[in-house]
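These are the residues of each chain, in order.
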Amino acid sequence: MLTTLKGLVLRERSLGDNDKFLDILTDGSGLIEVLARGVKKPNSKNASVSQLFCYAKYCVSESGGRYTLNSAEPIRTFYSLSEELERFALASYFAEMTSFIATQETPNNEVLRLILNSLHFLSLKNRSLLALKSVFEFRLMSEIGLIPNLIGCCECLRYSAPQMQFDLRGGRLFCEMCFGTRDMTDVVPLDMRLLHYLRYIALTDMQKLFNLNIAREYLVPLTNITERYAEIQLDRRFATLDFFKSLTNGQIL
Ligand SMILES: [Zn+2]
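In this report, we go over the structure that sits alongside the text.

### Some points on the nonpolar core
Here is step 1: Within the largest apolar cluster, 73 residues are counted, with the highest numbers of intra-cluster contacts made by L8, M97, L119, L122, M141, F166 and L190.
Here is step 2: No fewer than three residues from each of domain 1 (2–77) and domain 2 (80–147 + 186–248) sit in this core.
Here is step 3: For L122, the residues in contact, after removing those within four places along its chain, are L81, R87, L90, A91, F94, L129 and L132.

Below, the structure written as structure tokens:
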């Protein structure tokens, strides 16, 4: 049976001399593995649509839950990401994280939209890499239902205070008074600016999500928090993240 699905290639694996397996995050059917025959031959009509970060309309034949690529029409390619190693590493981290989530969750088109937007802004080169990383990590948690309660202090409901404590494991806030002398691990202090950024990323409309302008001195603290939050909530550390961090080495990019 032939089916047409819009999707983004999150991973490609070589199979012999000529073929590839593609992991494609699709609109409506979640993550699927597609066998792409002959696409490593330079004259293959499907060579360009069988590459990492290609977003296309894929016509596939399905039989017993296995998909084989028939033809495809590219919609958007993000090949320019491979021109710069840091950008490519960050895009690979987004792809690895998305694949991990997509194998566990039911299909969620907002996740596809989030990664497409993130790759778009990453390839435009007019956004800070750390800002894009924070937005992606934290919004992804929000899209898959791991959104923390950022409304206010979890005990007294206070909406703002000069400083709040963010419990990364419990996904909740404490004002200083309610936090008191608790001895908890995985808690980070937030000033109102950091809290504003987190609320914005988790809750604003997708259309406005990437308009967030993060002050330079907040890029590192914010990205450390979103990274730890995602790592704790998913209970998973990604090799592509370690690679990205080894390249940037603490620089503010
Ligand atoms: Zn309180």
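### A closer look at helix α7 (residues 216–234)
Here is step 1: Over its 19 residues, α7 extends 28 Å from the first C-alpha to the last, a length consistent with the 27 Å expected when each residue adds 1.5 Å.
Here is step 2: Taken as a whole, α7 has its buried residues at Y218, L219, L222, T223, I225, T226, E227, Y229, A230, I232 and L234.
Here is step 3: Buried-residue contacts for α7 involve α1 (85–102), α3 (129–143), β7 (163–167), β9 (187–191), α5 (192–203) and α8 (239–248).
Here is step 4: Once α7 ends, the next one or two residues include D235, with phi positive near 55°.

### Considering the coordination of the zinc ion
Here is step 1: Only C153 (SG), C156 (SG), C175 (SG) and C178 (SG) from the protein coordinate the zinc ion, and they sit 2.3 Å from it.
Here is step 2: Positions of the donor residues of the zinc ion along the chain correspond to the pattern C-x2-C-x18-C-x2-C.

### Topic: the packing of α3 against α5
Here is step 1: In the contact formed by α3 and α5, the axes pass within 8 Å of each other and the chain directions differ by 60°. In terms of orientation, α3 lies oblique with respect to α5. Once α3 is placed against α5, the crossing between them reads as right-handed. For the pair α3 and α5, the contacting residues are S134, V135, F138, R139 and S142 in the first and L198, I201, A202 and L203 in the second.

### Things to note about the sheet that holds strand β4 (residues 54–63)
Here is step 1: Here five strands make up a closed barrel; going around it, the order is β1-β2-β3-β5-β4 and the pairing mixed. For this sheet, the mean inter-axis angle between neighbouring strands, taken without regard to orientation, is 50°.
Here is step 2: Pairing analysis gives seven bridges linking strand β2 (residues 19–26) to strand β3 (residues 30–36), with the strands arranged antiparallel. By the bridge assignment, L22 is partnered in β3 with V34.
Here is step 3: Sheet contacts for α1: β1 (2–15), β2 and β3; angle to β1, the most-contacted strand, approximately 120°.

### A word on the sheet that holds strand β6 (residues 149–153)
Within a sheet, adjacent strands bond to each other through the backbone by hydrogen bonds, running parallel or antiparallel.
Here is step 1: Overall, mixed pairing links the four strands, which are arranged β6-β8-β7-β9 in an open sheet. Of all strands in the sheet, those with a lone pairing partner are β6 and β9, marking the two edges. Ignoring strand direction, the axes of neighbouring strands in this sheet form an average angle of 30°.
Here is step 2: Two elements, β7 and β9, share five bridges in a ladder whose sense is antiparallel. Bridging from a neighbouring strand, M164 pairs with L190 of β9.
Here is step 3: Its contacts with the sheet put α7 on β7 and β9, and the angle it makes with β9 is roughly 140°.

The rules behind the values
Residues numbered from 1 in each chain as written. Predicted model: local features only at pLDDT ≥ 70, side-chain atom pairs only at ≥ 80, totals over all residues. Heavy atoms only, no water. Core = buried A, V, L, I, M, F, W, Y, C linked by side-chain atoms within 4.5 Å. Buried < 20%, exposed > 50% of the residue type's maximum accessible area, 1.4 Å probe, protein only. Domains from an automatic or database assignment. Contact = heavy atoms within 4.5 Å. Helix = DSSP H or I, 4+ residues; strand = E, 2+ residues; numbered from the N terminus. Expected span 1.5 Å × (residues − 1). Donors = N, O, S within 2.8 Å, 3.2 Å for Na, K, Ca; no water. Axes fitted to C-alpha atoms, helices over the stretch in contact; angles between N-to-C directions. Parallel < 35°, antiparallel > 145°, perpendicular 65-115°, else oblique. Left-handed = near helix turned anticlockwise from the far one by under 90°. Pairing = 2+ DSSP bridges.

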